[in-house]
Amino acid sequence: MADLGLTIAGVALKNPVMTASGTFGYGREYGCFFPLNRLGAVVTKGITLEPRAGNPGPRVVETPAGMLNSIGLQNPGVDGFIADELPSMREAGVPVIVNVSGHSPAEYGEVAARLDGLEGVSALEINVSCPNVDQGGMAFGVDPRSVAEVVAGCRRRTRLPLITKLTPNVTSLAPVARAAVEAGTDAVSLINTLVGMVIDVVSRRPVLARGAGGLSGPAIRPVAVRAVYEVAAAIEVPVIGLGGIVTAEDALQFIMAGASAVAVGTALFADPLAACRVVEGLAAWCDGQGVSWIGEIVGAANPAFRGRRPGRMTEC
Ligand SMILES: Cc1cc2nc3c(=O)[nH]c(=O)nc-3n(C[C@H](O)[C@H](O)[C@H](O)COP(=O)(O)O)c2cc1C
């Protein structure tokens, strides 16, 4: 049986399959479908300093091969998360990666500080797709300097491994990825959603109450694979790939493009077992291809790959 275990940024994963932030809540609803420790890690919904109610509905609409969402970072706030959600996640025995969001570098830093040193938190994923209130609403993630400011601020406030989650809504990803690395990120994940809109032709209005939303699902997969390919050739820290993964073959595309691990998101809405099926499919594929360790094929399709390959669990 192939070895799927690996380490990324010091976090040991029994397999390279995670859940994508915002598509798995805090795991509660999925616990009745499968034990969460079948996954490599669980990534939480975005956590902010204060609780947020999120946007008014409608805030989700189905699209061809995907969906559009405008949830608006609904979450219990960092203290509510620590008190009410983290204990049951800890008991599940799965590495927990907390997705951190904020409207200012100071907010990100404060959330990172409150999570520092807590048992059961393995790493932070910094979502730089939030609007930067200090700079008038532009997302942090589109400007390398803002990304660096957010990452460096978190770096100063926590010893946890940092994963910076990049947005595809930029002209060129490499400068943003490099800025995150120079500011101290231990890994990057990509992609977050693409900005899109659906219009109801009867009401003559956008379907989502907020107008535009984030497009996810299989429709964005080729964009995401290309993004991973580009970034894995530009930086030397591990890359986590996501965007439209439904099957093990989809995950393999990301791994061969240069991702050390992958996350499954929108597919979970249609099939709560989708991520588990990806784990099983990766093991079967490796066995069928004579690949003894999944880390061997990271970047196999990317001649320009210069990222750091994952570590082997047996080496730690
Ligand atoms: C309903 C929903 C909520 C999301 N919330 C977050 C979030 O809080 N933080 C974040 O970084 N990404 C969030 N995302 C983006 C996903 O984590 C992921 O990057 C994106 O959906 C692409 O992956 P997928 O096509 O497999 O869903 C959300 C996506 C969806 C569909």
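What comes next is a walk through the structure. (Residues numbered from 1 in each chain as written. Predicted model: local features only at pLDDT ≥ 70, side-chain atom pairs only at ≥ 80, totals over all residues. Heavy atoms only, no water.)

1. A word on the overall build of the protein chain
Scanning the protein chain for helices and strands turns up eight helices and 16 strands. A compact globule built from 316 residues would reach a C-alpha radius of gyration of about 20 Å, and the protein chain, at 18 Å, matches this within 12%. If one aligns the C-alpha atoms of the protein chain with their principal axes, the spans along those axes are about 55 × 45 × 40 Å. Scored against the burial criterion, the 316 residues of the protein chain give a buried share of 54%. (Helix = DSSP H or I, 4+ residues; strand = E, 2+ residues; numbered from the N terminus. Rg over C-alpha atoms; globule rule 2.2 N^0.38 Å. Buried < 20%, exposed > 50% of the residue type's maximum accessible area, 1.4 Å probe, protein only.)

2. Description of unusual backbone geometry
Backbone torsion omega between G57 and P58 reads -5°, so that peptide bond is classified as cis. Structurally, P58 can be placed in the loop between strand 4 (42-43) and strand 5 (60-63). Although it is not a glycine, R204 sits at a positive phi angle of roughly 60°. For R204, the location among the structural elements is in the loop between strand 12 (199-200) and strand 13 (205-206). For R204, a relative accessible area of 69% corresponds to the exposed category.

3. Here we look at the environment of M197
The residue M197 is located in the loop between strand 11 (194-196) and strand 12 in this model. We classify M197 as partly exposed; its relative accessible area is 47%. In the structure, M197 is positioned 127 residues away from S70 in sequence and 10 Å away in space, judged by C-alpha atoms. The contacts of M197, once residues within four sequence positions are left out, are L68, P206, G211 and A212. (Contact = heavy atoms within 4.5 Å.)

4. Observations concerning the site of the ligand
Near the ligand lie 24 residues; those nearest to it are S21, K165, G217, G244 and T266. The contact in question runs from an oxygen atom of the ligand to an N or O atom on the side chain of N99, over 3.0 Å. Within the side chain of T266, a nitrogen or oxygen atom sits 2.6 Å from an oxygen atom of the ligand. Coverage of the ligand by the protein amounts to 97% of the 610 Å² it exposes when considered alone. Of the residues in the shell around the ligand, the class split is seven nonpolar, 15 polar and two charged. (Near = heavy atom within 4 Å. Polar contact = N/O pair within 3.5 Å; in protein donor to acceptor, adjacent residues only side chain to side chain. Areas by Shrake-Rupley, 256 points an atom, 1.4 Å probe, with all protein chains shown as cover. Nonpolar A, V, L, I, M, F, W, Y, C, P; charged D, E, K, R; others polar.)

5. Some remarks on the pairing of strand 14 (residues 213-216)
Here strand 6 (residues 66-69) pairs with strand 14 via three bridges, running antiparallel. Bridging from a neighbouring strand, M67 pairs with S216 of strand 14. The sheet contact formed by strand 11 and strand 14 spans three bridges and is antiparallel. Pairing of V195 across the sheet is with G214, part of strand 14. (Pairing = 2+ DSSP bridges.)

6. Section: the pairing of strand 9 (residues 162-165)
The alternating pattern of strand 9 places L162 and T164 and I163 and K165 on opposite faces, both of which are buried. Both strand 8 (residues 121-127) and strand 9 contribute to a ladder of four bridges, which runs parallel. Residue pairing in the sheet places N127 in a bridge with K165 of strand 9. In this fold, strand 9 hands off to helix 4 (residues 174-182), which returns the chain to strand 10 (residues 187-190); that crossover is right-handed. (Right-handed = clockwise from strand over helix to strand, strands pointing away.)

7. Some points on helix 8 (residues 274-289)
Because each turn of an α-helix spans 3.6 residues, side chains separated by three or four positions in sequence point in the same direction. The terminal C-alpha atoms of helix 8 lie 22 Å apart, and with 16 residues this matches the ideal 22 Å at 1.5 Å per residue to within 8%. For helix 8, every residue scored as buried is listed here: A274, A275, C276, V278, V279, L282, A283 and C286. The inward-facing, buried residues of helix 8 abut strand 3 (17-19), helix 6 (248-257), strand 16 (261-264) and helix 7 (267-270). G290 occupies a position one or two residues after helix 8 and carries a positive phi of about 70°. (Expected span 1.5 Å × (residues − 1).)

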